[in-house]
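Residue-level listing of the chains:
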Amino acid sequence: MDEHPRLVFRPIGTPGARTFQTVRDLYNSNGGNNPFKQEVDTWLYNASYSTYIDQASRYVITGNLSYAESALNSMYGSSLSYGGTEGAFTGAQWALAYDWIHDAWEGGSPPANLSTKLAYIESEIADFVGAALSDLDGGGPSLWHGRASLGAVAWVAALALPAGNATYDTYRTEAWDDWQQSLKATHACGGWPEGPTYWATNRGVNFPLAYQSYTSAVTGSPALAVADPMEDLRQLGLWMLYTERGDGSFNRYGDVSSQVVINNGTIGQSIDYYAIATGDPALAAFAEHARDYRYPLYWSGYRWMLPVTYDPTIPKPPGYDPAHPAECLGAALPNAAVFGRDALGLVVMRQGWSDGDTQISFKAGDYLAHHGHYDQGTFTLFKHDKLVINSGGYGPYTGDHRLNYYVRTVAKNGILVQRPDEMWTPPSVTPPSGWANDGGQRIVQATGSTVSSYENWLANKTSGWNYESGEITAFDNVDGAYSYVASDITRAYNSTLYDCEGQGGKVSLVTRQLVYLQDADVLVVFDRVNATNAAYKKKWLLHTPNKFVGGTEVVAVGSASNGIIEVDGDTIPGDTLTMTNGGGKLFLQVLLPASYTVNKVGGLNYRYYVEDDGDDADGYDGTNYDDYSEVSYHDYGDWRIEVSPKAASNFDTFLNVLSPRSSATSSVDPATVLLASPLATVMRVGGYVVGMGTAGLIDDDFGYTVPEGGTFRHLIVDLQPEGYYKLTGEAGYDVAAANEAGLALFTETAAAAHGVVITSVLCADANFDDVVDGLDYNAWSLHYLASGMNWGDGDFNFDTVVDGLDYNIWSLNYAPEGAAVPEPAFAALLGLGLAVVAWRRRRA
Ligand SMILES: [Ca+2]
Ligand SMILES: [Ca+2]
Ligand SMILES: [Ca+2]
Ligand SMILES: [Ca+2]
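Just so it is clear, the model here is predicted, and its values are computed rather than measured. (Residues numbered from 1 in each chain as written. Chains lettered and ligands numbered in written order. Predicted model: local features only at pLDDT ≥ 70, side-chain atom pairs only at ≥ 80, totals over all residues. Heavy atoms only, no water.)

On to the overall build of the protein, then. Regarding its fold elements, the protein presents 20 helices and 29 strands. Against the 2.2 N^0.38 benchmark of 28 Å for 844 residues, the protein shows a C-alpha radius of gyration of 30 Å, consistent with a compact globule. In the protein, which comprises 844 residues, the share counted as buried stands at 60%. Long-range pairs, those at least 24 residues apart, make up 67% of the contacts in the protein with a sequence separation of at least 6. (Helix = DSSP H or I, 4+ residues; strand = E, 2+ residues; numbered from the N terminus. Rg over C-alpha atoms; globule rule 2.2 N^0.38 Å. Buried < 20%, exposed > 50% of the residue type's maximum accessible area, 1.4 Å probe, protein only. Contact = heavy atoms within 4.5 Å.)

Turning to the coordination of the calcium ion (ligand 4), a few remarks are in order. By definition of the ideal shapes, a tetrahedral metal site with four donors has angles of 109.5 degrees and an octahedral site with six donors has angles of 90 or 180 degrees. Each protein donor to the calcium ion (ligand 4) is listed here as Asp795 (OD), Asn797 (OD1), Asp799 (OD), Val801 (O), Asp806 (OD) and Asp806 (OD); together their distances run 2.2 to 2.6 Å. Every donor counted, the six donor atoms about the calcium ion (ligand 4) form angles of 51 to 164 degrees at the centre, which fits irregular coordination. Donor residues for the calcium ion (ligand 4), ordered by position in the chain, follow D-x1-N-x1-D-x1-V-x4-D. Classification of Asn797 by relative accessible area gives partly exposed; the value is 26%. Relative accessible area serves as the criterion here: at 27%, Val801 is assigned to the partly exposed category. (Donors = N, O, S within 2.8 Å, 3.2 Å for Na, K, Ca; no water. Tetrahedral: all angles 85-135°; square planar, octahedral: opposite > 155°, others 65-115°.)

Mean pLDDT over the protein stands at 95; residues scoring 70 or higher make up 97%. Taken as a whole, residues 825–844 scores under 50 in pLDDT and shows 23 contacts with residues more than four places along the chain or in a different chain. (pLDDT = per-residue confidence, 0-100.)

Moving on: the coordination of the calcium ion (ligand 1). Protein coordination at the calcium ion (ligand 1): the donors are Asp366 (OD), Asp366 (OD), Glu468 (OE), Gly470 (O) and Glu471 (OE), at 2.3 to 2.5 Å from the metal. Positions of the donor residues of the calcium ion (ligand 1) along the chain correspond to the pattern D-x101-E-x1-G-E. Residue classification places Gly470 among the buried positions, given a relative accessible area of 2%.

In terms of nonpolar packing, the biggest core is built from 143 residues, with Trp100, Trp144, Trp179 and Leu241 touching the most fellow members. Ranked by the residues each element gives to this core, the list is headed by helix H7 (residues 143–160), at 13 residues. Summarising the domain contributions, this core has at least three residues from each of domain 1 (20–332) and domain 2 (336–664). Formed by 45 residues, the second largest nonpolar core is a distinct cluster that contains Phe379, Val485, Ala492 and Leu588. (Core = buried A, V, L, I, M, F, W, Y, C linked by side-chain atoms within 4.5 Å. Domains from an automatic or database assignment.)

So, about the packing of aromatic side chains. Considering all chains together, one arrives at 46 aromatic pairs under this definition. Here Tyr367 and Tyr467 contribute two aromatic rings whose centre-to-centre distance is 5.3 Å and whose plane-to-plane angle is 25 degrees, an arrangement assigned as stacked. Here Tyr367, found in the loop between strand S3 (359–363) and strand S4 (379–383), pairs with Tyr467, found in the loop between helix H17 (454–459) and strand S7 (471–478); they are 100 residues apart in sequence, far enough to count as distant. Given the relative accessible area of 6%, Tyr367 is considered buried. For Tyr467, a relative accessible area of 0% puts it in the buried group. When the centroid spacing of 6.0 Å and the interplanar angle of 40 degrees are considered together, the rings of Tyr606 and Tyr609 count as tilted. When its relative accessible area of 15% is taken as the criterion, Tyr606 is described as buried. Residue classification places Tyr609 among the buried positions, given a relative accessible area of 4%. Positioned above the aromatic ring of Tyr59, the side-chain terminus of Arg24 is 5.6 Å from the ring centre. The ring of Trp43 carries Arg58 above its face, with NZ or CZ at 4.7 Å from the centroid. (Phe/Tyr/Trp six-rings, centres within 6.5 Å; stacked < 30°, edge-to-face > 60°. Lys NZ or Arg CZ within 6 Å of the ring centre and 35° of its normal.)

Spelled out as structure tokens, the structure:
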């Protein structure tokens with residue numbers, strides 16, 4: 001492996017490898033009239049950017065030895081110091097420059113003292129690697145803050161060092177282990193837990209660089225710690241793609257700074273790099289989409305990366321239109337995706353990728369790093385403009401605004417449970433005003449996380465630090481129809497499962513479910529909250545740029561435009577509030593609790609207000625934590641609403657319907673509650689009926705009345721996964737299987753108002769007598785090979801044909817006592833279907 005170049009590029013002439021010649025050919029293609037040259041030339045002749053790495057990159061592109069010599073002398077005349085995790089990328093840059101120019105003069109005339117100069121650079125890189133490994137050994141860098149990216153950089157730098165040196169070999173062995181941690185960390189999260197800003201800054205590019213350097217420099221190695229590193233890189237790329245919300249910026253979560261916007265110039269090289277490293281067509285289209293927001297895509301100081309990161313010839317998805325690069329993504333990708341289901345817990349649901357399509361982000365994950373927030377269960381919504389946002393801004397790191405508002409649940413679109421005597425004594429730095437009791441989620445480490453490895457994080461999930469906070473319990477998506485996510489966020493709070501203050505917990509259950517009806521463009525949010533004390537006031541929060549309109553306002557503090565305003569839910573026509581921002585408008589309909597109040601909190605002196613004694617009952621004597629300066633890249637909403645039940649109860653459900661529209665829209669389909677029983681909660685909006693389990697799993701039959709005729713799709717969740725259910729309506733019935741997410745979709749038509757009953761059925765019970773026996777076989781045999789069939793005719797796999805596949809299902813479920821399975825006369829035709837069905841059943 002001791003040939004050069006070996007980092008990213010291989011020597012010219014290496015079959016099948018990316019080489020300097022590949023770059024030069026790309027640059028000169030089409031007679032020099034090509035997008036790569038066009039972008040490169042914005043930097044190539046700009047003398048303001050002529051550091052060692054600029055010059056080394058210029059050598060890669062042009063083959064001009066004067067650039068190589070300039071890089072050589074520049075490094076020889078300076079030093080490389082280890083500047084901690086944030087500055088570590090400098091070590092990778094030295095390694096790349098050294099590697100790329102090392103053999104530039106082979107077979108020609110080298111510059112004076114070449115070997116002396118290379119030896120000096122080599123020793124500087126070695127010192128850097130030694131210092132980085134020592135830092136990693138010391139356990140200081142936390143996995144999802146600096147450790148994962150430093151491990152990747154140390155690995156790249158170690159690979160540049162010569163073979164046949166015992167110290168360097170030891171470095172490489174140690175760096176390999178650290179890089180395996182990087183692989184595990186990024187595999188687990190599928191995105192960056194600290195959010196888009198820390199990702200863009202010194203992190204995103206390291207992971208594809210480390211993997212590319214591994215593939216280009218290493219010819220034999222132990223097995224990698226992850227099964228499919230390329231797919232992991234693709235997920236990281238898709239995370240950027242999905243979370244771009246429609247205005248050239250990313251969903252705000254974690255500590256966010258100006259790097260959250262594509263046109264900042266610090267994220268562009270990462271967007272490109274994931275496309276070229278994976279060759280994924282959708283990511284390549286997204287990179288061109290990003291260029292619509294900024295061209296050239298990177299800040300000049302990063303354009304030396306273009307030979308590494310950019311290749312405009314990567315194939316794009318079918319239907320790619322350079323004038324609208326993102327439009328093809330709808331056909332290339334599912335409308336919803338989960339990133340890091342068991343760690344980051346981020347879900348994005350989209351209506352599509354066209355202008356004006358709704359984009360929703362949702363988060364229910366675990367504690368991972370100190371630039372993450374206490375935001376489990378929060379969601380954001382973008383349509384034409386910001387409509388639902390995470391509030392606040394990244395002010396002073398240890399200031400009151402950040403520690404008592406910005407990172408806290410009160411600044412998110414989640415649920416507060418006010419326990420006036422709840423204690424707040426998190427470790428490390430205390431904010432100037434002391435810790436506020438915001439009523440939100442428990443604080444793990446708001447400054448200085450200490451995750452020393454992936455295994456260390458796992459070991460602390462439900463013991464020690466108790467990092468376990470949120471869990472995505474179900475996810476499903478059908479393009480053009482619906483997206484669904486369910487989560488349990490009980491552990492995010494001081495709960496009966498774990499209370500970091502030893503107070504026994506304020507809740508025993510907090511769940512949130514989102515059903516997004518893509519074609520209707522309606523988001524249904526259903527929450528269950530069980531408090532350990534009925535007196536603990538619950539608040540359902542929604543942060544918006546502007547004030548919601550609706551209801552009779554009673555000013556409690558301040559004024560109607562700057563204060564805390566109480567609204568009795570009974571005074572809100574249709575229980576519907578509206579909020580307009582730019583070209584977008586949000587209709588919010590509060591369905592449950594049936595009897596509720598709304599506090600509107602906002603205006604200049606109240607927008608960061610926290611009821612910091614955790615008690616509304618003794619008056620609004622809290623604090624507006626405004627010790628930070630607003631900047632354009634923060635979603636600094638001015639208003640929030642707090643929906644609370646009027647009556648004190650341990651258990652409450654919240655059912656809210658959000659209809660995002662263009663600002664010109666004057667009304668939307670009203671939603672209505674069809675059932676709110678202890679077993680099931682069912683609502684209707686337009687042609688959709690959506691049902692949830694009121695307390696959890698729906699384990700009994702239930703019914704409701706649809707108040708008019710028409711064709712309805714009944715989307716019911718919280719069913720037994722892979723259980724069978726029958727909806728009986730006016731004109732007949734529909735049988736459906738609940739999928740692994742516990743979701744079943746029934747279609748039904750009626751002429752007028754009608755009752756509907758949903759019952760569970762046994763698989764293959766054609767005549768619904770709760771036994772699978774010969775009578776059901778008879779139904780099957782009577783319709784054998786007929787099409788247009790339904791369940792009662794013997795079609796048990798919903799393909800409308802009655803055939804051997806259905807027989808297999810019947811025979812596997814045949815269960816009268818003591819009976820044997822009758823053999824059909826034509827068993828030979830069953831073939832492959834048997835294996836498929838048998839496998840499905842075993843999973844149930
Ligand atoms: Ca979890
Ligand atoms: Ca108070
Ligand atoms: Ca039967
Ligand atoms: Ca069938």
